[in-house]
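So you can see what is in the structure, the chains are spelled out below.
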Amino acid sequence: MNTIAGQAIKAAMNQDWEHAIHLNTTLVEKDPNNIDTLNRLGNAYIEIGKYTLALETYKKVLTLDKYNAIAQRNIQRISFLRRHKKTRKNTKEALRNQTSKAAVFLEEPGKTRVVPAVRLADPHILLQVSPSDPVLLVRKSRRLSVILDDGTYLGALPDDVSSLLLLLMKGGNTYESFVKEVRQNSLQIFIRETHRSKQFGNQPSFVSNIPQHYVSFMRGTPQVTESDDEDEGVERNASTEDDQLE
């Protein structure tokens, strides 16, 4: 990544937001109407709590592309962050934690789990989301896709986790999920059980060291075998297209 744009992307990957702002500002001065640069700049402003500058940046994007999904989503995100802004201003760290990330990622035995997503979207899409962003788990064929509320595809849950959650959700369980960690080529999803149906009683959604074919032995659920899974072995791009929402 020797270009300035490449350096700006690398700075975002390393969460070096001040440097990312400097690099993207330099690019904007050379090309004021570059939407990708403006979106990166807006995100960097959000990460350091400069919401007014972020909002101005995203509004400029919308003057260039009024249907730009990234700008629209992040304007909503800014509104959310402002509503939940902490009153404490003691330290810079307090400012950066205005979304109460610690509370979002509070782990509960049997009720929460961090899952690495697979069949990921392109890096430039992944780098537009941030830790604590809420995501939706939507069924696509025999697996669960991870999407944003505007339909943007991020990835999918691994087949074993998808099978487990699909059975639990069919039985009445409900879940919420958030971006836990995002990098150029990786995405971690934090999943929390929000309701457990009577069908599963005291049976936890997630167990440490889940044995192979754990789903097959769950009380009151049909057996799932490898033959039920879709054929794998396709190339990455083909898999990603298969997971896109129609």
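The model shown is predicted, which means the values in this text are computed figures rather than measured ones.

## A few points about the environment of K10
Item 1. Relative to the elements of secondary structure, K10 occurs in helix α1 (residues 4-13).
Item 2. Spatially, the C-alpha atoms of K10 and Q184 are 8.7 Å apart, while their sequence positions differ by 174 residues.

## A short note on helix α4 (residues 51-64)
One turn of an α-helix holds 3.6 residues; hence residues three or four places apart share an orientation.
Item 1. Along its 14 residues, α4 runs 20 Å from first to last C-alpha, staying within 8% of the 20 Å computed at 1.5 Å per residue.
Item 2. Looking at α4, one finds that the buried residues are Y51, A54, L55, T57, Y58 and V61. Taken around the axis of α4, the buried residues stretch over an arc of 165°, which confines them to a single face.

## Topic: the pattern of salt bridges
Item 1. Under the defined criterion, the tally for this structure stands at seven salt bridges.
Item 2. Residues D159 and R143 are paired through a salt bridge, measuring 3.6 Å at the closest nitrogen-oxygen approach. A residue pair is termed long-range when its members are at least 10 positions apart, and D159 in helix α9 (residues 159-170) and R143 in strand β3 (residues 143-147) qualify at 16 residues.
Item 3. The class of D159 is partly exposed, set by a relative accessible area of 22%.
Item 4. A salt bridge links R196 to E193; the nearest nitrogen and oxygen atoms lie 3.0 Å apart.
Item 5. Through salt bridges with shared partners, one network takes in E47, R77 and D133.

## Focus on the pairing of β3
Item 1. The element β3 is extensively covered by neighbouring structure, given that five of its five residues are classed as buried.
Item 2. Going residue by residue along β3, you find R143, S145 and I147 tucked away on one face and L144 and V146 tucked away on the opposite face as well.
Item 3. The hairpin formed by strand β2 (residues 134-140) and β3 contains two residues between the paired strands, and S141 there has a positive phi angle of roughly 60°.
Item 4. Judged from the three bridges that link them, β3 and strand β4 (residues 153-156) form a sheet pairing that is antiparallel. Bridging from a neighbouring strand, S145 pairs with A156 of β4.

## Side note on the sheet that holds β2
Item 1. Spatially, β1-β6-β5-β2-β3-β4 is the arrangement adopted by the six strands of the open sheet, whose pairing is antiparallel. Of all strands in the sheet, those bounded by a partner on one side alone are β1 (112-116) and β4. Here the strands of the sheet are splayed against their neighbours by 35° on average, with no regard to which way each runs.
Item 2. Across five bridges, β2 lies against β3 in antiparallel orientation. Opposite V138, over in β3, you have S145 as the bridge partner.
Item 3. Relative to the sheet, α9 contacts β1, β2, β3, β5 (174-183) and β6 (186-195), its axis offset from that of β3 by approximately 95°.

## A look at the nonpolar core
Item 1. Residues L154, L157, L165, L187 and I191 are the most contacted members of the largest nonpolar core, which totals 28 residues.
Item 2. Contributions of two or more residues to this core are made by β2, β3, β4, α9, β5 and β6.
Item 3. A total of five residues in this core trace back to one element, the largest contributor, which is α9.
Item 4. Residues within four places of L165 in sequence aside, it is in contact with L137, L144, L157, Y175, I191 and F206.

## Quick notes on the packing of helix α2 (residues 17-30) against helix α3 (residues 35-47)
Item 1. Direction vectors running N to C along α2 and α3 enclose 150°, while the axes themselves pass 9 Å from each other. By the criterion of interaxial angle, the relationship of α2 to α3 is roughly antiparallel. Seen from above, α2 lies across α3 with left-handed handedness. Along the contact surface, α2 presents W17, A20, I21, N24, T25, L27 and V28, while α3 presents T37, L38, R40, L41, N43, A44, Y45 and E47.
Item 2. By residue class, the composition of the contact of α2 with α3 is nine nonpolar, four polar and two charged.

Analysis parameters
Residues numbered from 1 in each chain as written. Predicted model: local features only at pLDDT ≥ 70, side-chain atom pairs only at ≥ 80, totals over all residues. Heavy atoms only, no water. Helix = DSSP H or I, 4+ residues; strand = E, 2+ residues; numbered from the N terminus. Expected span 1.5 Å × (residues − 1). Buried < 20%, exposed > 50% of the residue type's maximum accessible area, 1.4 Å probe, protein only. Arc of directions from axis to C-beta. Salt bridge = Lys/Arg side-chain N within 4 Å of Asp/Glu carboxyl O. Pairing = 2+ DSSP bridges. Axes fitted to C-alpha atoms, helices over the stretch in contact; angles between N-to-C directions. Contact = heavy atoms within 4.5 Å. Core = buried A, V, L, I, M, F, W, Y, C linked by side-chain atoms within 4.5 Å. Parallel < 35°, antiparallel > 145°, perpendicular 65-115°, else oblique. Left-handed = near helix turned anticlockwise from the far one by under 90°. Nonpolar A, V, L, I, M, F, W, Y, C, P; charged D, E, K, R; others polar.

Fair warning: the whole summary comes from geometry, so function is off the table for now.
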